[in-house]
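# Structural overview
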Amino acid sequence: MFRVALFTAVLMVPIATGESGNCEVMVMQEAVCENGYMGVTYEELGTCSQYLCSNVMGSLDTARCDDSEHVLVGSNYGCSVFHWNGTVVKNVICKPVPPPPEICSLLSRNKTQGPCQDGSAPIPFTTLKTCSRTICDKLMTDWEVVRGLSTSHVLKGNAYGCQVEPWDDKQSVATTICMPTGSSGGDNVSNGMVLIIIITGTTAAYFFGGLILNAIIGERSLTGLIPHFAFWAALPGLVVDGFLFCVGKKRTRYEYIPGEDGSVTAE
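It should be emphasised that the depicted structure is a prediction, and the values quoted were computed from it without experimental measurement.

So, on to the overall build of the chain. What the chain contains, in helices and strands, is eight helices and 15 strands. Considering only contacts in the chain between residues 6 or more positions apart, those separated by 24 or more positions represent 61%. Of the roughly 16900 Å² that the chain leaves accessible, carbon and sulfur atoms contribute 60%.

Here the focus is the state of the cysteines. Under the counting rule described, the total for this entry stands at six disulfides. Across the disulfide from cysteine 33 sits cysteine 94; the S-S distance is 2.1 Å. In this structure the cystine formed by cysteine 33 and cysteine 94 twists about its S-S bond by roughly -95 degrees; its chirality is therefore left-handed. One end of the pair, cysteine 33, is in the loop between strand 2 (27-30) and strand 3 (37-39); the other, cysteine 94, is in strand 7 (residues 91-96), with 61 residues separating them in the sequence. Given a relative accessible area of 21%, cysteine 33 falls into the partly exposed group. Each sulfur in the disulfide pair cysteine 116 and cysteine 178 lies 1.9 Å from the other. Because the sign of the S-S torsion sets the handedness, a value of about -85 degrees for the bond joining cysteine 116 and cysteine 178 places this disulfide among the left-handed ones. Within this pair, whereas cysteine 116 is found in the loop between strand 8 (108-109) and strand 9 (120-122), its partner cysteine 178 is found in strand 13 (residues 177-180), the two being separated by 62 residues in sequence. In the chain, the bonded cysteines, numbered by position in the sequence, are linked as 1-3, 2-6, 4-5, 7-9, 8-12, 10-11.

So, about the pattern of salt bridges. Summed over all chains, the structure comprises four salt bridges. Glutamate 144 serves as the salt-bridge partner of arginine 109, at 2.6 Å between the closest nitrogen and oxygen. Taken together, the residues arginine 109 in strand 8 and glutamate 144 in the loop between helix 5 (132-138) and strand 10 (145-147) connect sequence positions 35 residues apart. Assessed through its relative accessible area of 30%, arginine 109 is described here as partly exposed. The class for glutamate 144 is buried, based on a relative accessible area of 14%.

Bringing a nonpolar patch on the surface into the picture now. Together, Tyr206, Phe207, Phe208, Phe231 and Trp232 give the surface a local cluster of nonpolar side chains, amounting to about 510 Å² of exposed area. Broken down by secondary-structure element, the contributors of at least two residues to the nonpolar patch are helix 6 (191-216) and helix 8 (229-246). Among the elements that make up the nonpolar patch, the one with the highest residue count is helix 6 (three residues). Looking at the secondary structure, you find tryptophan 232 in helix 8.

Before going further, it helps to spend a moment on the nonpolar core. Judged by nonpolar contacts, the single largest core of 18 residues is most densely connected at Leu107, Ile123, Ile135, Leu155 and Ile177. Mapped onto this core, the elements with two or more residues apiece are helix 4 (125-130), helix 5 and strand 13. Core analysis: the second largest hydrophobic core is formed by 14 residues, Cys23, Leu45, Leu52 and Cys79 among them.

With that out of the way, let us pick up the side chain of asparagine 91. In this fold, asparagine 91 is placed in strand 7. Once residues within four sequence positions are removed from consideration, asparagine 91 is found in contact with Met28, Gln29, Glu30, Asp61, Thr62, Ala63 and Arg64.

Cut-offs applied
Residues numbered from 1 in each chain as written. Predicted model: local features only at pLDDT ≥ 70, side-chain atom pairs only at ≥ 80, totals over all residues. Heavy atoms only, no water. Helix = DSSP H or I, 4+ residues; strand = E, 2+ residues; numbered from the N terminus. Contact = heavy atoms within 4.5 Å. Areas by Shrake-Rupley, 256 points an atom, 1.4 Å probe, with all protein chains shown as cover. Disulfide = S-S within 2.5 Å. Buried < 20%, exposed > 50% of the residue type's maximum accessible area, 1.4 Å probe, protein only. Salt bridge = Lys/Arg side-chain N within 4 Å of Asp/Glu carboxyl O. Patch = residues over 30% accessible without salt bridge, like charges linked within 9 Å, V, L, I, M, F, W, Y side chains within 5 Å. Core = buried A, V, L, I, M, F, W, Y, C linked by side-chain atoms within 4.5 Å.

Structure, rendered in structure tokens:
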């Protein structure tokens, strides 16, 4: 029954499929792609359909690409891509966000054909592709073959066209391209750094904006140009007074005022 409902909800326009080295980095996630991932395109969904059906999706699953207008149906339904005009499909096929080009300058190769050195790790497949030209020109010989984290794909040197290709040779590739641990190739700015940037930018805008505004309205002295100078000049003393009050070092003084009958009261 579900099969009938599924195929009446799509326009029966299957898309040609194939295979690509990019397919192995794809995953299926629910609702939206997680941080560090992005939706695959319609063309990528069609190219990698057979790989996704065999290795990522269940036989009864249905998953969409980034345009939400095309879906890939599982092997029980023919493992094909269709234009979708039915209800929203929960699953989405995602791929890692490509690293920025500047990550390429951080790469190195392992020494003595061993593991990556302390503080570094093999680069992921997406970084191997993004930085392939830098690696070929600076980190390997023309006839060399190197790999990253994935053992199923390698980068071949300039003599082979500097291409990332599937590796089906039984002989292992000893040379690994590495990058510093923590250099994911994405946004590496911490929350603390974002806070510092916001505070610094706001302070600079306040100071220089106030300086310009005071100059426009005719202030000429240094103290007059600085925005809210009197407040900032008094602030250190106010902080000290508040601290001393909180720790009990500074207590309220009472003044005794004589009354009309000669009695003394404190205020």
